[in-house]
Every structure is written in structure tokens, then in C-alpha cells.
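Coordinate inspection notes
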Amino acid sequence: MGFIAEGNTLAWEDSIKYLEYIREHGVIQLLNIIKNNKDKVTEDFKWGDEVEYILINNDNYKLKLRANEVLDLLMLEEKRNPTTVEHLWRPEYGRFMIEGTPGSPYSGLGKQLLKIQSSLKSRRENVEKYLKPNESILTITSYPRMGCKNFTDPQAEVKGPIAESKFLPDSVINPHFRFSTLTANIRKRRGGPVSINIPMFRDKNTPEYLDQTTYEKVAPVLDDSDNSVNDISSPSNQPFNIFMDAMGFGMGCCCLQTTFQLPTFDDARTVYDQLAPISTIMLSLTAASSIFKGYLSDIDARWTIISQSVDDRNKEELGKIPLNNNKFVINKSRYDSIDCYIGSKSKSFRSEYNDLDLVYDKDVYQKLIENGVDSLLSKHFAHLFIRDPLVIYSDKVEIDDEKNTDHFENIQSTNWQTVRFKPPPPSSSIGWRVELRPMEVQLTDFQNSAFVVFSAILVKAIQDLKLNFYIPITKVDENLKTAHKRASVVNDKFYFRKNIFNNTPNGSIENEYELMTINEIFNGKGGDNKGLIGVLRDYISTLGFDNETTELVNKYIKFVSKRASGEIKSISTWTREFVQNHPAYKHDSIVNDEIQADYLQRCLDISNGTIYDSSILGNKDDYYC
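Residues numbered from 1 in each chain as written. Predicted model: local features only at pLDDT ≥ 70, side-chain atom pairs only at ≥ 80, totals over all residues. Heavy atoms only, no water.

1. Some words on the overall build of the protein chain
Heads up, the condition is: Each helix is a run of H or I in the DSSP string that is no shorter than four residues. Each strand is a run of E no shorter than two, and both are numbered from the N terminus. Throughout, the radius of gyration refers to the C-alpha atoms, and the reference size of a globule is 2.2 Å times the residue count to the power 0.38. Working definition: with a 1.4 Å probe on protein chains only, accessible area under 20% of the residue-type maximum means buried, over 50% means exposed, and in between means partly exposed. Contacts are assigned to residue pairs that have any heavy atoms within 4.5 Å of one another. The Shrake-Rupley method, run with a 1.4 Å probe sphere, supplies the accessible areas, and residue values consider only the shown protein chains as cover. Under the convention used here, Asp and Glu are negative, Lys and Arg are positive, and both His and the chain ends fall outside the count. Where a charge sits is defined by one atom per residue type, namely NZ (Lys), CZ (Arg), CG (Asp) or CD (Glu).
The helix and strand inventory of the protein chain stands at 20 helices and 18 strands. Relative to a compact globule of 625 residues, whose C-alpha radius of gyration would be 25 Å, the protein chain shows 24 Å and is just as compact. Counting over 625 residues, the protein chain shows a buried share of 62%. Taking all contacts inside the protein chain whose residues are at least 6 apart in sequence as the whole, residues at least 24 apart take part in 76%. For the protein chain, the computed accessible surface area is about 24300 Å², with 47% contributed by carbon and sulfur atoms. Seen as two clouds, the 75 positive and the 87 negative side-chain charges of the protein chain have centres 2 Å apart.

2. Quick notes on the state of the cysteines
Here is the rule we go by: In plain terms, two cysteine sulfur atoms within 2.5 Å form what is called a disulfide here.
A full pass over the atoms with the stated rule returns zero disulfides. No disulfide involves Cys 148; its sulfur sits 14 Å from the nearest other cysteine sulfur, which is in Cys 253. Since its relative accessible area comes to 13%, Cys 148 is described here as buried.

3. Observations regarding the nonpolar core
Nonpolar side chains tend toward joint burial in soluble globular proteins. Short version of the rule: Think of a nonpolar core as a cluster: buried Ala, Val, Leu, Ile, Met, Phe, Trp, Tyr and Cys residues, connected wherever their side-chain atoms sit within 4.5 Å.
In terms of nonpolar packing, the biggest core is built from 182 residues, with Trp 47, Ile 54, Tyr 341 and Phe 522 touching the most fellow members. With twelve residues, the single largest contributor to this core is helix H12 (residues 445-465). The contacts of Tyr 341, once residues within four sequence positions are left out, are Asp 273, Ala 276, Pro 277, Phe 349, Tyr 353, Asn 354, Leu 376, Tyr 470, Ile 471, Pro 472, Ile 473 and Val 476. If you look at the next biggest cluster of nonpolar residues, it comprises eight residues, including Ile 291, Val 579, Ala 584 and Val 591.

4. Examining helix H9 (residues 362-370)
Applicable threshold: Here the arc refers to the directions that run from the helix axis out to each C-beta atom. Contacts described as polar in this section are N or O atom pairs within 3.5 Å, which, within protein, must combine one atom able to donate a hydrogen with one able to accept it, while residues neighboring in sequence count only if both atoms come from side chains.
When H9 is considered as a whole, its buried residues turn out to be Val 364, Tyr 365 and Leu 368. Down the axis of H9, the sector holding all buried residues measures 100 degrees, keeping them to one side. When the buried face of H9 is taken as reference, the exposed residues oriented beyond 90 degrees from it are Lys 362, Asp 363 and Glu 370. Tucked into the core, H9 has its buried residues touching helix H2 (19-37) and helix H10 (375-384). Where H9 begins, the capping side chain belongs to Asp 361, and its oxygen is found 3.0 Å from the backbone nitrogen of Asp 363. One or two residues past the end of H9 sits Gly 372, with phi positive at roughly 90 degrees.

5. Quick notes on the pattern of salt bridges
Put simply, the test is: Salt-bridge detection follows one rule: a side-chain nitrogen of Lys or Arg within 4 Å of a carboxyl oxygen of Asp or Glu.
Counted by the stated rule, this structure contains 42 salt bridges. Note that Glu 317 is salt-bridged to Arg 189, the shortest N-O span being 2.7 Å. Linking Glu 317 in the loop between helix H8 (303-309) and strand S13 (335-336) with Arg 189 in helix H5 (residues 177-190), this pair joins segments that are 128 residues apart in sequence. For the pair shown, Glu 317 and Arg 189 are each scored as buried.

6. Digging into the environment of Ala 268
Here Ala 268 is to be found in helix H7 (residues 265-285). Between the C-alpha atoms of Ala 268 and Val 434, which are 166 residues apart in sequence, the distance is 6.3 Å. When neighbours within four sequence positions are excluded, Ala 268 is seen to be in contact with Leu 262, Phe 421, Trp 432 and Val 434.

7. Side note on the packing of H12 against helix H17 (residues 547-565)
Packed helices, taken two at a time, are described by the angle their axes make and the gap between the axes. Rules: Between the N-to-C directions of two axes lies an angle of 0 to 180 degrees, each axis being a line fitted to C-alpha atoms and, for a helix, fitted only over the stretch in contact. Put simply, angles under 35 degrees are roughly parallel, angles over 145 are roughly antiparallel, angles from 65 to 115 are roughly perpendicular, and the rest are oblique. Under the grouping applied here, Gly and all other residues not named as nonpolar or charged are polar, the nonpolar ones being Ala, Val, Leu, Ile, Met, Phe, Trp, Tyr, Cys and Pro and the charged ones Asp, Glu, Lys and Arg.
Contact pair H12 / H17: the axes reach a minimum separation of 9 Å and the direction vectors enclose 95 degrees. Taken together, H12 and H17 sit at an angle that is classed as roughly perpendicular. Contacts from Phe 446, Gln 447, Ser 449, Ala 450, Phe 451, Val 453, Phe 454 and Ile 457 of H12 reach H17 at Val 553, Lys 555, Tyr 556, Ile 557, Phe 559, Val 560 and Arg 563. Tallied by class, residues from the contact of H12 with H17 come to eleven nonpolar, two polar and two charged.

8. Let's talk about unusual backbone geometry
Backbone torsion omega between Asp 153 and Pro 154 reads 5 degrees, so that peptide bond is classified as cis. Structurally, the position occupied by Pro 154 is in the loop between strand S7 (152-153) and H5. A positive phi angle, close to 65 degrees, is found at Lys 159, a residue other than glycine. Assignment of secondary structure puts Lys 159 in the loop between S7 and H5. Since its relative accessible area comes to 60%, Lys 159 is described here as exposed. Backbone geometry places Glu 164, a non-glycine residue, at a positive phi of 55 degrees. Mapping Glu 164 onto the fold places it in the loop between S7 and H5.

9. Focus: the pairing of strand S10 (residues 256-262)
Rules: Strand pairing is defined by DSSP finding a minimum of two bridges between the two strands.
A large share of S10 lies buried, amounting to six of its seven residues. Of the strand pairs in this sheet, strand S1 (residues 46-57) and S10 are connected by five bridges, and their pairing is antiparallel. Within S10, the residue paired with Glu 50 across the bridge is Gln 257. Both S10 and strand S16 (residues 432-436) contribute to a ladder of five bridges, which runs antiparallel. By the bridge assignment for S16, Gln 261 is matched with Arg 433.

10. Here we look at the packing of H7 against helix H13 (residues 473-483)
Where H7 meets H13, the axes come as close as 8 Å, and the angle between the chain directions of the two elements is 10 degrees. Judged by the angle between their axes, H7 and H13 are roughly parallel. Seen from H7, the contacting residues are Ala 276, Pro 277, Thr 280, Leu 283 and Ser 284; seen from H13, they are Val 476, Asn 479, Leu 480 and Ala 483. Split into classes, the residues belonging to the contact of H7 with H13 amount to six nonpolar, three polar and no charged.

11. Quick look at helix H18 (residues 571-580)
Here H18 lies mainly inside the structure; eight of its ten residues are buried. Listed in full, the buried residues belonging to H18 are Ile 571, Ser 572, Thr 573, Trp 574, Thr 575, Arg 576, Phe 578 and Val 579. Check the buried side of H18 and you find it contacts strand S11 (291-292), strand S12 (295-296), H12, H17, helix H19 (593-607) and helix H20 (614-617).

12. Things to note about the packing of aromatic side chains
Our working rule: A pair of Phe, Tyr and Trp rings is counted when the ring centres sit within 6.5 Å of each other, with Trp represented by its six-membered ring. The angle between the planes then sorts it: under 30 degrees is stacked, over 60 is edge-to-face, the rest tilted.
On inspection of all chains with the given rule, the structure shows 36 aromatic pairs. Between Tyr 341 and Tyr 353, the ring centres sit 6.4 Å apart and the planes meet at 80 degrees, which makes this aromatic pair edge-to-face. Of the two residues, Tyr 341 is situated in the loop between S13 and H9 and Tyr 353 in the loop between S13 and H9; the sequence distance between them amounts to twelve residues. Residues Tyr 341 and Tyr 353 agree in their burial class; the two are buried. Among the aromatic residues, those joined into a ring-pair cluster are Phe 265, Tyr 272, Phe 381, Phe 408, Phe 421 and Trp 432.

13. Quick word on the environment of Asn 134
Note that Asn 134 resides in the loop between helix H4 (115-128) and strand S6 (135-138). Once the C-alpha coordinates of Asn 134 and Pro 144 are considered, the two residues, ten residues apart in sequence, prove to be 19 Å apart. Dropping the residues within four chain positions of it, Asn 134 is found in contact with Ile 56, Asn 57, Asn 58 and Asp 59. In this structure the side chain of Asn 134 is engaged in a polar contact, spanning 3.3 Å, whose partner is the side chain of Asp 59.

Here you go:
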């Protein structure tokens, strides 16, 4: 969830007077980080994963709002044995969510890869020790009936003072002050509750305005620009639309993330750039969320919902009225794809790839330039600093910029982009890192391990083979939109580089890429084009793994290959088929309590191994548990 500290948080109206101070000192802290760490070298390839879980009641399949109590017990182990604890546990946005990571980073590849799945299995068991007999945890991306009537245990009233949501009670929010403050401050900054709108799946009996029957429409609002009523054209009033109005709909989704420490500053910049085009494709490949607010949606992935759920831009920043109290018209939510490559000393980078009209704070940019930061990296950070800090701790405003990075992290950690460039913490042996953020969490530890291991081997291959995935940033943005489409993993095409080994490109950049299916990207197009799977298999053969490691890694790679080809279904596709084949489904897009109960039970049965479903797990001989 990003930067979390202890202390009292300020409401938005009390934060405003500190915004410029936080930004100014965030830049100073960033400069200190770069000065102290630019030449830092960390030889070991260290990396880790982050998996998020939800807690449900087995009796009624409602969300159980006591994950914070379980988390307190889990974190006691860390407090007792901070250097030897096997797993680390952290709060997530929802009171029904838990985030788990390995207790210490993985180091290198080789036999280390045998530990990934056992770590994930052990984490589940660790949580289960503290659950009540009628409780379970699941790794599913989105809870199907979030926002429907009485979906929580215990039940709670909606329209609370924090989110002011028609659908979500404030009790779904983690009790740590950061989360409620973040929710309220985003709402206040933008001038009202968030507005999340996604297309509904149109089945043969789906009414045009189905969702609109479940809530009172908002009273018409006068548009500040021309004083005319702008209600009819609102997305929430369009046919076949699913409307959500709270941060919890987005930040209540679960994900699978990986973070990699690279040897040097330049290595991290290279990997950041190369993962950017990969990141959006990984969203489609791992797609696992097709039901929202009790409806089958017409999208397969969560990202846009989170993006809309934390979009704090006001009317000026959206370009709806002239700038007066704000500096910038901003083209994206603060939760979106990256906006620029940051380059490196690699010959692969061409300035033409940064073809988006980047919005950045020119004063921040100039200060970074004056202090020796190159133009590409200065623009990257100056772009992050167009955002306001959202959560300010009252007792941490005036801090030592030489010893702390709280103000920089305040800005950095609330720019939630598809890839994150992470500088070293102060006074730490940790190096420069890159975080891959879009993957959706899978049902089983094997599936999650497959994508974690695939990501780690790919990052090492990027370094060692000098792989080149550069395409224009605007094409990365288009790929992100495509990744959300229903069954995009098998039905759609994505922009991808024709030759990933060409590290001295010249000529027109339009000749460097083309539209490919995910099957073509991963499994190749024949001839010399082996696809990513072929490249990684060749690379793995040079790493000297022992037989046991090779056998397991091959199972993971085969799983990813078959997911890319469509032979193994995505969780989103499997979920749709489960709903559409359920006897209680009336082909009206509604996922009722009975369907959800059976669906979640099936997820539990697959997760704990009671049922083996080859359509999403593959051939049993290729599976490892």
C-alpha cells in the first residue's frame, strides 16, 4: 500500500498549508538520496514478491472485517524475531485484506527458485493459524459482490463520513489512520466522492439501465464552466454501466507484485524502462477479475477500477474549467501507466520513444538539473511532483532531510504506476530497485509462483542478454487499455517490438514494432521468432540449474506458455464461464448470493487442493503442489 508511518494524520483542510513545504523538502530528500547512492553497487540479485489475501466467512461467504486483528497477531512474530521471521505482514486498504511478503529477500536464481512456492504455502498456513473455524483466506483479485446489500460480516451502514459512499460502509477501511485519511482527502481534494464507471457485460436478458435501479441518482450538478446541468451525460447514467463511488472498490482489489534490486543506478533505470512495455501485457496474461458489484462486467482486469478509485484530480486539473487554483491540467489518474522512460547509458533508448506530452513541474525539474540530475530522470521525478501529498502526519512535518525520506516517499508512494523506480532507503544496504505492479493475484500458490519466477528470470535475462522491449509510450498506454478487454489474452493484439535483440536501433521507430497476439509475443511466430518463452528457455539452459530446479522451473514456464496460448484459461474467463453455466444465472449479468457462494466455495476447493480443475491449472503432470 506504500508509505505507512505511525502518528496523527491531517485532514485535507489542515494539510493545505503544508503542501508546498512537503514538496519542497521532498525534492531536497530526493537529491540527498541520489547524491548518497548514485554510485552505489549491490552485487547480489535480490528480489521478492508481495501477495494479498482476503478473509471470508465460510458460512455465508461474506467479507470478514477482522483482518486487522489477524494482522496484529501475525506482526507479533516479527516483533519477537525481527531478523529471523519467515514472513512479513503488512496492512492493506481493506479491513478484510492482508499483505504478505518473504521475511528476507530471495537472493539470486538457482535453487532459490525452489523456495518460492513453499514460501507462499507457508504464508497461507501462517495466516490460517489465527483464523476462526468458520473463516478462510483466498487469493482472489476482487470480491464479486463488493458494494451489494449486506456483503460484510459484521454488517454495517453505508453513507459514512469518510467515503460518503452509497454502497460501501466505512467499516471496510483498515483502521490505520493512513487509509481513512487517504480516502477522505482524495474525496475532498477532488470535490466529491470518486466516480468509477465500467462497462457491464451485455447478456441476452440484461436490462439497459440495470445498475441504475440499485441507487438514487445524484441530484443534477451545475457545471462551473457554463452553469448548465451536466447530469444526463454523466457516465453513471449511461446504459450497461456499472457505477461505483468509493476508493474501497479499487484498493479493495488484491494483486501480485514483484520487486527487484539491481546492481547499479543505471541497471535499475534500464530494467524500469524494459519492464514498462511488459507490464501492461502481464496484466492481460494474469487477468483474474470480471465481476464487480454483483455484475458480470465487460472487462477482465482491475487496473482501471483502482485508477478511477484514487483519481483526486479536480475540475481544473481535468481541464473542465480554466486553471485558477491549480498549476496543471493532468491527463491521467495518479494510478496509471508510466508517462516516460528514464533511459540510461544503454544505446537502446531513443528520445522518440517518449512521445507523450509529459506534464511536469518545471521548477522541480530545474532544481534537479541544477543539482546534477540528468534531464530524463529529472523529468520523471518532476512529473511525480505535479501531485499533492495526500497523507501528512502532523508530527512529521519538520524532519531532518539528511536522515529521512518521508516527504519524498509521501509523493513517490502515491504515484501508483505500472512500474515503480525505487531509490535506496537512507542508511541502508538496500540498493536501487524496480517494482512490477500490474499482475493480478491467482487462485493457487503454484500459479502465483509461476508468474513470480517468470518475472525474476525475465529481469535477469533483460540484464544479461540486453533485451530491448522499447516501444513508444503512447503504444504502452494503448496496450493498457487493450489489456482490460474481455478475453484480451486470446482475442486481442498488443504493440510489441519485432526484434528484442536489436540494441542499436535506427530509422523510423514505427518500423520497430507491430501488433501481436499474446501467444505470438510469448510463444513466437515461427522461424527465428521464438517468443519470450523460447528466449527464456534458452537462457535458463545457460544458468546451470540442478535437475530438481530445472524440472520445477520448466513447469512454471510451461504454465505461463499455455496461459499465453489460451490452452489454460485465465481466471477471468474461467469465472465468466462458471457464472454463465450456473443454474441460478438468468443471463441478466447479475451474480446473486447463491452464485457467489458456489463460486467462492469452488475457489476455496481449488486453492486447498480438494478439486483439481485442469482448465485453469493445466495437465496434472505439469502441476506442482
